[in-house]
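Results of the structural survey
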Amino acid sequence: MSDTAAITKEYEGSVCEIKSMENALIATGRIKEIAPKYIKIGNKNKDLQIVDYGTLIKVNVFNTKLGFRVLVGNVYTSKKGEMSIVSVVSLVDHERRNFFRVDMDMDAKAIYNKTPEDRVPTESSVKVKDMSLSGIRFESNAHFEPDMLVLVEVSLTKQRTTSLQCRVVRQIEVGLNEKPQYGCELIYDESNRDDTDTLCSFLFQKQREFLNSKD
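Residues numbered from 1 in each chain as written. Predicted model: local features only at pLDDT ≥ 70, side-chain atom pairs only at ≥ 80, totals over all residues. Heavy atoms only, no water.

**Let's talk about the sheet that holds strand S9 (residues 135-139)**
The strands making up a sheet are joined through hydrogen bonds of the backbone, oriented either antiparallel or parallel. Here we have six strands rolled up into a closed barrel, ordered S7-S8-S9-S12-S11-S10, and antiparallel in their pairing. For this sheet, the mean angle separating the axes of adjacent strands, direction not counted, is 45 degrees. In this sheet, strand S11 (residues 162-172) lies alongside strand S10 (residues 149-154) in antiparallel orientation, the contact comprising six bridges. Of the residues in S11, the one forming a bridge with Val154 is Thr162. (Pairing = 2+ DSSP bridges. Helix = DSSP H or I, 4+ residues; strand = E, 2+ residues; numbered from the N terminus. Axes fitted to C-alpha atoms, helices over the stretch in contact; angles between N-to-C directions.)

If you want it as structure tokens, here you go:
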């Protein structure tokens with residue numbers, strides 16, 4: 001086994017998505033520790049699924065500053081609050097369209113500056129159409145340019161509003177009489193750790209509801 005970790009220690013704290021090799025979502029969490037021979041993933045809500053020793057899994061790692069990574073490794077220990085993975089290998093970035101995505105039709109608010117010179121942010125109503133750990137898609141009568149930074153406020157729990165920092169990537173083609181839609185990537189940093197943890201829990205809960213509805 002190599003004495004060099006598959007990814008650098010700077011990825012500790014990154015949000016991640018644990019999936020089977022068939023792309024079924026197992027859990028979401030954060031990377032707790034990166035060592036040469038193993039990686040530990042934690043979930044503060046103890047939402048991790050217990051996985052058999054030796055099972056080959058895939059981990060999508062999200063980090064705005066360092067970049068997205070895909071890891072593959074074998075489960076070594078598995079508990080509700082923590083999982084350790086060994087024999088970790090880093091894959092090339094080719095999995096983006098396989099993220100678990102939740103379709104929805106949820107009212108939200110977008111806060112943004114139309115131009116860099118704006119001193120007072122603009123607020124517009126949007127409707128979130130789908131959401132994943134990599135990004136969101138929303139529709140709105142307002143116009144958004146690529147690379148525009150947008151704060152999307154949406155109620156993922158009854159307790160409080162979640163603020164998602166996004167960067168507009170593209171305008172999506174829609175029908176002639178439909179509102180414009182925009183695809184945005186999520187921005188992860190220390191300032192929105194609580195909100196991204198809420199998003200992780202929300203998406204994992206939706207995954208469980210989806211699987212239960214198929215039983």
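Back to the write-up after that little detour.
**Description of the environment of Met148**
Mapping Met148 onto the fold places it in the loop between S9 and S10. For Met148 and Asn113, which are 35 residues apart along the polypeptide, the C-alpha to C-alpha distance reads 8.1 Å. Excluding anything up to four places from it in sequence, Met148 contacts Tyr112, Asn113, Lys114, Cys166, Arg167 and Val168. (Contact = heavy atoms within 4.5 Å.)

**Some points on the sheet that holds strand S1 (residues 15-20)**
Read around the closed barrel, the six strands follow the order S1-S2-S3-S6-S5-S4; overall the barrel is antiparallel. The average undirected angle you get between the axes of adjacent strands in this sheet is 45 degrees. Taken together, the seven bridges between strand S5 (residues 69-78) and strand S6 (residues 82-91) define a ladder with antiparallel strand orientation. Residue Thr77 lies in a different strand from S6, and its bridge partner there is Ser84.

**Quick notes on the pattern of salt bridges**
According to the stated counting rule, one finds 13 salt bridges in the structure shown. Here Glu12 and Lys9 are joined by a salt bridge, their closest N and O atoms 2.6 Å apart. In this structure, Arg101 and Asp130 form a salt bridge, with 3.5 Å as the shortest nitrogen-oxygen distance. One end of the pair, Arg101, is in the loop between S6 and strand S7 (102-112); the other, Asp130, is in strand S8 (residues 122-131), with 29 residues separating them in the sequence. (Salt bridge = Lys/Arg side-chain N within 4 Å of Asp/Glu carboxyl O.)

**Comments concerning the pairing of S6**
Note that strand S3 (residues 38-42) and S6 share five bridges and pair antiparallel. Each bridged residue has a counterpart across the sheet, and for Ile41 the counterpart in S6 is Met83. Linkage of S5 to S6, two consecutive antiparallel strands, is achieved through a turn of three residues.

**Describing the packing of aromatic side chains**
As enumerated under the stated definition, the model contains seven aromatic pairs in all. Ring centres of Phe138 and Phe144 lie 5.2 Å apart, and the angle between their planes is 75 degrees; this geometry places the pair in the edge-to-face category. Taking the relative accessible area as the measure of exposure, Phe138 reaches 0% and is therefore buried. The class of Phe144 is buried, set by a relative accessible area of 2%. Judged by centre distance (5.2 Å) and plane angle (75 degrees), the rings of Phe144 and Tyr182 are edge-to-face. In this pair, Phe144 sits in the loop between S9 and S10 while Tyr182 sits in strand S12 (residues 181-186), placing the two residues 38 residues apart along the sequence. There is no split in this pair, since Phe144 and Tyr182 are both buried. Chaining the aromatic ring pairs together yields one cluster made of Tyr112, Phe138, Phe144 and Tyr182. (Phe/Tyr/Trp six-rings, centres within 6.5 Å; stacked < 30°, edge-to-face > 60°. Buried < 20%, exposed > 50% of the residue type's maximum accessible area, 1.4 Å probe, protein only.)

**Quick notes on the pairing of S9**
Counting buried positions along S9 yields four of five residues, so the element is predominantly enclosed. Taking the residues that link successive antiparallel strands as the turn, the S8-S9 hairpin has three residues. Note: S9 against S12, five bridges, orientation antiparallel. By the bridge assignment for S12, Glu139 is matched with Gln181.

**Considering the nonpolar core**
Ranked by internal contacts, the top residues of the largest apolar core, which has 57 residues, are Met131, Ile136, Phe144 and Leu199. With six residues, S7 is the single largest residue contributor to this core. (Core = buried A, V, L, I, M, F, W, Y, C linked by side-chain atoms within 4.5 Å.)

**Observations regarding unusual backbone geometry**
In this structure, Lys46 takes a positive phi of about 55 degrees despite not being glycine. Position of Lys46 relative to the elements: it lies in the loop between S3 and strand S4 (56-62). Even without being a glycine, Ser87 presents a positive backbone phi close to 50 degrees. Within the element layout of this structure, Ser87 appears in strand S6.

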